[in-house]
Amino acid sequence: MDSQLMNRLQEIVGEERVSVNETVLMNHSKDESYHEPANPDAVIFPHTTDEVSAILACANKHQIPVIPFGRGTSLEGHVIPYDGGICLDFSEMNQILEIRPEDLIVKVQPGVTRTQLNKELRKHGLFFSVDPGADATLGGMAATNASGTTAVKYGVMRDQVRDMEVVLADGSVIHTGTLAAKSSSGLHLNGLFVGSEGTLGCITELTLRVFGIPEHEVAGRAVFSSTHEAVLAVTGLIQASIPIGRVELVDQESMKQFNQFSGTAFDEMPTLFLEFHGNQAGLLQDIEFATEILNDMGCLSLEFKEDLASRNQIWEARHNLAYAYIHSAPGKKLMVTDVCVPISELAASVDYTREALNEMGLIGGIVGHVGDGNFHALLMVDVNDKKEVKTAKEFSDRIVRFSLSRGGTSTGEHGIGSGKRQYVMEEHGPALEIMKSIKKALDPKNILNPNKLY
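Residues numbered from 1 in each chain as written. Predicted model: local features only at pLDDT ≥ 70, side-chain atom pairs only at ≥ 80, totals over all residues. Heavy atoms only, no water.

Before going further, it helps to spend a moment on the side chain of D251. Looking at the element boundaries, D251 is found in the loop between β13 (244–250) and α10 (252–262). Judged by relative accessible area, D251 falls into the buried class, the value being 2%. Among the polar contacts made by the side chain of D251, one reaches the side chain of S254 at a distance of 2.7 Å. Not counting residues up to four positions away in its chain, the partners in contact with D251 are T227, P270, R354, G364, G365 and I366. (Helix = DSSP H or I, 4+ residues; strand = E, 2+ residues; numbered from the N terminus. Buried < 20%, exposed > 50% of the residue type's maximum accessible area, 1.4 Å probe, protein only. Polar contact = N/O pair within 3.5 Å; in protein donor to acceptor, adjacent residues only side chain to side chain. Contact = heavy atoms within 4.5 Å.)

And the structure:
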């Protein structure tokens, strides 16, 4: 990036919002994954769609890579600028533009975080459902088709997007949908851009579906003697069509990590965390039915909590688990695998993952949004130990290939980024060429997050 180009970028947004400071560059060189970092040439903080449009037009003219950046919470190297170029940090485009309670939709800029949005929505008796754990930006969540604990009831990020304003590689601006709940008009561009990981365009505005806060919520904790039994119990609940708001698996090793991290005294055995949403009368029936199934499937102990403090304590165990692992091994990086399989294959897949961990001598835990067949293995890796990194990658490879062999996917919610590109052809076959042709049509100079996803 020569001085002439830098001067043009500073003209667009102002000198103070174009940074080449080494600390700023380093902070944008990585995400939360174990993948090797790389600095961008510059970081730009846009405030408007017009600024993003002008930046992309300029970058396209000079064939400079542009990598959209939210909060850097991704887990497969999505935002790491291995080709240098411009890191486009959307954190200052963080305005909630419009809340329409009567339509159950909200319009936001991409830098708004999910907790920021939910804090404002509570004033209207509403909430945004997608909960990936990290306080990610909504633009980043759309880019990776984020999921999380509530997907079993409310769906994933792609299900919540009504419309997006997207700036394409040449600087042109399009909208991908409307405010309507459904449409039969044209191709489904929302579905195309959600999950495209910044390779097709930069999201500058999102219109999202929101929900009314449930009248009543009950959280539960079910303890089992084995992970296998816990997973079979989840399968039983789903097949019985019990409307669960959340159902999460935390295995024995992970419960130990959480107790050590938080000073709690939960049973250090495979545990299901559950949550039911609805009206009080309906929930009593759902919980009664669920209790029968859980007990029939070998549940050792079962408790339900209705008050907010107790429910928060139960879910704190799940949400803080990644940080519990991180604090358990200073100097190492967290590696999180991410696969999703048909619910009928879930027990076999989780068993295979535990067997692989034990066989390869790796210390790790298994957690997951098991209500929709999505689960993770968590392990700490010394990125400076090549042998350890190699073993961890071999383990991840085994898990992914097992998932694919059972009709699953290489990633349920984390995305491809740079970490899982080797599986895309195996998973999609000839359809990959269609994806590549769309990429080439929208970004012929390959400036948008190059060498990611495809």
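Anyway, onward from the coordinates.
One pass over the full model with this rule turns up 7 aromatic pairs. Aromatic pair F127 and Y154: ring centres 5.4 Å apart, planes at 85°, arrangement edge-to-face. Here the residue F127 occupies a position in strand β7 (residues 126–127), and Y154 occupies one in helix α6 (residues 151–154), the gap between them amounting to 27 residues. Look at F127 and you get buried, because its relative accessible area is 15%. Judged by its relative accessible area of 10%, Y154 is buried. For the ring pair Y352 and F402, a centre distance of 4.2 Å and an interplane angle of 10° mean the geometry is stacked. Taken together, the positions of Y352 in helix α14 (residues 346–359) and F402 in helix α15 (residues 386–405) put the pair 50 residues apart, joining distant regions of the chain. Through successive ring pairs, a cluster of aromatic residues spans F127, Y154 and F211. The aromatic ring of Y154 is capped on one face by K153, whose charged end is 5.7 Å from the ring centroid. (Phe/Tyr/Trp six-rings, centres within 6.5 Å; stacked < 30°, edge-to-face > 60°. Lys NZ or Arg CZ within 6 Å of the ring centre and 35° of its normal.)

What follows covers the sheet that holds strand β2 (residues 42–44). Across a sheet, paired strands are connected by hydrogen bonds in the backbone, their directions being either parallel or antiparallel. Ordered by their spatial adjacency, 4 strands build an open sheet running β1-β2-β4-β3, and the pairing between neighbours is mixed. Both outer strands of the open sheet, β1 (18–19) and β3 (66–69), are each paired with one neighbouring strand and no more. Two strands pair when backbone bridges link them, and β1 and β2 are joined in this way by 2 bridges, in the antiparallel orientation. Its bridge partner being in β2, V18 is matched across the sheet by I44. (Pairing = 2+ DSSP bridges.)

Of note in the backbone geometry, Q63 takes a positive phi value of approximately 55° without being a glycine. You can see Q63 is positioned in the loop between α3 (49–62) and β3. Judged by relative accessible area, which is 53%, Q63 ranks as exposed. Its identity as a non-glycine residue notwithstanding, N451 has a phi of 60°, on the positive side. Tracing the sequence through the fold places N451 in the segment after α17 (431–442). When its relative accessible area of 43% is taken as the criterion, N451 is described as partly exposed.

Within this structure, the stated rule accounts for 19 salt bridges. D131 is paired through a salt bridge with R114; the nearest N and O atoms lie 3.2 Å apart. Remark: R114 occurs in helix α4 (residues 114–121) and D131 occurs in the loop between β7 and α5 (138–143); sequence separation between them is 17 residues. Across this residue pair, the class does not change: D131 and R114 are buried. (Salt bridge = Lys/Arg side-chain N within 4 Å of Asp/Glu carboxyl O.)

On to the environment of E217, then. For E217, the position within the fold is in strand β12 (residues 216–223). For E217, a relative accessible area of 19% translates into the label buried. Linking E217 and A290, residues 73 residues apart in sequence, is a C-alpha distance of 15 Å. At a separation of 3.0 Å, a polar atom in the side chain of E217 contacts the side chain of R311.

Function cannot be inferred from these measures alone, as they are strictly geometric.
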